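Chain by chain, the residues:
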Amino acid sequence: MPLSCQISLLPAEAADTARISQAAARALGISASRIRHCSVVRRSVDARGKAPKIVLKLEVWADEPPPPAAPFAPLLRDVSQAPEVHIAGSGPAGLFAALRLIELGLKPVIIERGKAVRDRRRDLARLTREGIVHPDSNYCFGEGGAGTFSDGKLYTRATKRGDVRRILDLLHYFGAADDILIDAHPHIGTNKLPGIIEAIRSQIRACGGAIHFGHRLSGLEMQGGQLRGLVLQDGLRVQAQALILATGHSARDIFELLHRQGIRIEAKPFALGVRVEHPQALIDQIQYHCAGTRDEALPAAAYSLVHQAEGRGVYSFCMCPGGIICPAATAEGEVVVNGWSPSRRNSPYANSGMVVQLELSDFPGAADDPLAGLRFQQRIEQAACEAGGGQQQAPALRLTDFAAGRLSADLPACSYIPGVVPADLRAVLPDFIHRRLQQGFRQFGKQLRGYLTHEALVVATESRTSSPVRIPRDPETLMHPGLAGLYPCGEGAGYAGGIMSAAIDGERCAEAAAAAVLAPSRLP
């Protein structure tokens, strides 16, 4: 049986297997000569002291070699003739629901409004370079969902919702690097994730599942409180007894569809603010307490910040060390920004969402209109577009100017390719959000000395943090309480917040749908 221990080493030492064995022997109180193998179970960075350390949690085999490890492999089978379960959306919730259905012996049929990964790249290039928004193929819509081209961060706090390790194992099986299995904050990278998504698609099809791109869901056919079929935008009608609705938090047309058809939805609190960009070297110096360039054995430094301002949380969101700010609008006439990092996190910039927690009372009419939060979000994105000049240029200010309530005469270099323009962000953000962000930035400047700097940039708006709508579901069956056979799923339904939690929720919905389809008498 392996022994367990935890050690802390300088970055260069943590890359040396001999040093790891020596430190493990000291931690365990045994001779280094007895150690036959050390396996890293968990790796993280501790930057609290003057010299940052790499913290390793180890399994150590003493006096005997470890037994051969059984490689992880999902249970893949031919489901081409099996009963069908339909899935709307091919983001992480939809794709992992499909894989789980295959394991359970059912045929997944995915309906995706957007394009396959490679075709999607062309539309992203036009959005970034020319400011042309394709309403069905952008940073939010298309194969792999929003995460495919916006970072691939795998950290989650949703450890009680499902098997996090299984999701990591599946991603690794389909091509992710070994590092995701041990890093405390695993990350794939926007440059690597598309290939993994393509591998998952190929496997689904090889098992007899189906994926149909360019098909937008435009209606549901119902009878007696039971789902009977799907209506697609091109007029095609498809019989369906079970639909996992995994369309993401930006699919406003789906929320409107449900509302129009009398299927209950609810306004939900979310968060909204801006994206802040610093030179990565500055964040490294702040976090690693170094005067110059960080140790090459250390990853690009990140931060996590939170402050209570007038009773509301102001906090960092989706922090991207060594990252890039990207345009995430899904319709003409709106400006939305997001962030992503390549796998090496080697951009000279660090960016993070900085958002204010909203409440239902902030949305006029929320008591009667479940789309009130969505409309609130939409108005701010449209105001950002107008302040930026009407295309995809984003309104921005230097961080110190934003905090002080003044305009910027000029702006520093920025990773946002469509470009930034100086603008008064009070014309974009409601006063209660703007004021709290100012308070937050001043406080963060005290927490991280050097954070509040003239070199940093505030870019509006970071508004797609989570869904402004929740689609209710029964906690046991995971079905919508008013429509049997409809399984609201993932971020868009309000039950996830990132790749990992969405994938976990996709698996849960697949299991619930399979239970109903394979035992029809259980349907209400």
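Residues numbered from 1 in each chain as written. Predicted model: local features only at pLDDT ≥ 70, side-chain atom pairs only at ≥ 80, totals over all residues. Heavy atoms only, no water.

Asker: Mind showing me how you'd approach the nonpolar core here?
Answerer: Side chains of nonpolar character tend, in soluble globular proteins, to be buried together. By size, the foremost hydrophobic cluster in this structure holds 69 residues, and its most contacted members are V274, M354, L429, I433, L437, F441 and Y451. What I433 contacts, discounting residues up to four positions off in sequence, is L272, V356, L358, F376 and I380. Judged by nonpolar contacts, the second largest core, of 64 residues, contains L478, C489, I499 and V517. (Core = buried A, V, L, I, M, F, W, Y, C linked by side-chain atoms within 4.5 Å. Buried < 20%, exposed > 50% of the residue type's maximum accessible area, 1.4 Å probe, protein only. Contact = heavy atoms within 4.5 Å.)

Asker: I tried to follow the sheet that holds strand β6 (residues 210-213) on my own but got confused; where do I start?
Answerer: Two orientations exist for strands paired in a sheet by backbone hydrogen bonds: parallel and antiparallel. Read from one edge to the other, the open sheet built from 5 strands follows the order β6-β5-β4-β10-β22, with strand pairing classed as parallel. The open sheet has two edge strands, β6 and β22 (486-488), and neither has a second partner. Between one strand and the next, the sheet's axes are offset by a mean angle of 20 degrees, whatever the strand orientation. Pairing geometry for strand β4 (residues 84-88) and strand β5 (residues 107-112), over 5 bridges, is parallel. Each residue of the ladder has a partner; that of H86, found in β5, is V109. (Pairing = 2+ DSSP bridges. Helix = DSSP H or I, 4+ residues; strand = E, 2+ residues; numbered from the N terminus. Axes fitted to C-alpha atoms, helices over the stretch in contact; angles between N-to-C directions.)

Asker: How should the packing of helix α3 (residues 92-103) against helix α13 (residues 499-518) be read in this particular structure?
Answerer: Between two packed helices, what matters for the description is the angle formed by their axes and the separation of those axes. Close contact between α3 and α13 brings their axes to 7 Å; oriented N to C, the two are set at 40 degrees. Between α3 and α13, the interaxial angle falls into the category oblique. Judged by the sense of rotation from one axis to the other, the crossing of α3 with α13 is right-handed. From α3, P92, A93, F96, A97, R100 and L101 reach across to α13, where they touch I499, A502, A503, G506, E507, A510, E511 and A514. Broken down by class, the residue content of the contact of α3 with α13 amounts to 10 nonpolar, 1 polar and 3 charged. (Parallel < 35°, antiparallel > 145°, perpendicular 65-115°, else oblique. Left-handed = near helix turned anticlockwise from the far one by under 90°. Nonpolar A, V, L, I, M, F, W, Y, C, P; charged D, E, K, R; others polar.)

Asker: Would you mind showing me how to read the sheet that holds strand β7 (residues 217-223) here?
Answerer: With respect to topology, 3 strands assemble into an open sheet ordered β7-β8-β9, the strand pairing being antiparallel. Where the open sheet ends on each side, the last strands, each with one partner, are β7 and β9 (237-239). Neighbour to neighbour, the strand axes of the sheet diverge by 30 degrees on average, direction disregarded. In the sheet, strand β8 (residues 226-232) pairs with β9 via 3 bridges, with the strands oriented antiparallel. Bridge pairing in β9 links V231 to R237.

Asker: Teacher, can you tell me more about the pattern of salt bridges here?
Answerer: Once the charged atoms of two side chains with opposite charge are near each other, the side chains can pair. Summed over all chains, the structure comprises 37 salt bridges. The partner of R43 in a salt bridge is D179, and the shortest N-O contact between them spans 3.3 Å. With R43 in strand β2 (residues 35-46) and D179 in the loop between α5 (164-173) and α6 (193-206), the pair connects residues that are 136 residues apart, well separated along the chain. Here R43 falls in the partly exposed class, since its relative accessible area comes to 27%. Note that R406 is salt-bridged to D401, the shortest N-O span being 2.5 Å. Judged by relative accessible area, which is 44%, R406 ranks as partly exposed. Residue classification places D401 among the buried positions, given a relative accessible area of 5%. (Salt bridge = Lys/Arg side-chain N within 4 Å of Asp/Glu carboxyl O.)

Asker: Sorry, what's going on with the pairing of strand β13 (residues 306-309) here?
Answerer: Taken residue by residue, a regular strand's side chains alternate between the two faces of the sheet. Across 4 bridges, β13 lies against strand β14 (residues 312-320) in antiparallel orientation. Looking at β14, one finds that Q308 is bridged to G313. If you look at the hairpin formed by β13 and β14, you'll find 2 residues sitting between the two strands, and E310 has a positive phi there, around 55 degrees.

Asker: What is the right way to look at the packing of aromatic side chains in this model?
Answerer: Any pair of aromatic rings gets described here by the distance separating the centres and the angle formed by the planes. Inspection of the entire model under this criterion finds 6 aromatic pairs. Summarising the aromatic geometry, the rings of F270 and F363 are spaced 5.5 Å apart at their centres and angled 25 degrees between planes, so their arrangement reads as stacked. Remark: F363 occurs in the loop between β17 (349-357) and α9 (372-388) and F270 occurs in the loop between β11 (266-267) and β12 (271-279); sequence separation between them is 93 residues. In this pair, the class of F270 matches that of F363, namely buried. Aromatic pair F363 and F376: ring centres 5.2 Å apart, planes at 50 degrees, arrangement tilted. Residue F363 is found in the loop between β17 and α9, and its partner F376 is found in helix α9; the two are separated by 13 residues along the sequence. Here F376 falls in the buried class, since its relative accessible area comes to 7%. One aromatic cluster is present, built from ring pairs that chain together F270, F363 and F376. One residue, R113, lies across the ring of F141, its end atom 4.1 Å from the ring centre. Its guanidinium or amino end placed over the ring of Y495, R473 lies 3.8 Å from that ring's centre, counting from NZ or CZ. (Phe/Tyr/Trp six-rings, centres within 6.5 Å; stacked < 30°, edge-to-face > 60°. Lys NZ or Arg CZ within 6 Å of the ring centre and 35° of its normal.)

Asker: Explain the state of the cysteines here, please?
Answerer: Cysteine pairs can be linked by a disulfide, which is a covalent bond between their two sulfur atoms. Under the defined criterion, the tally for this structure stands at 0 disulfides. We note that C318 lacks a disulfide partner, and the nearest cysteine sulfur, in C320, lies 4.1 Å from it. Classification of C318 by relative accessible area gives partly exposed; the value is 21%. Not engaged in a disulfide, the cysteine C509 finds its nearest cysteine sulfur in C489; these two sulfurs lie 3.6 Å apart. (Disulfide = S-S within 2.5 Å.)

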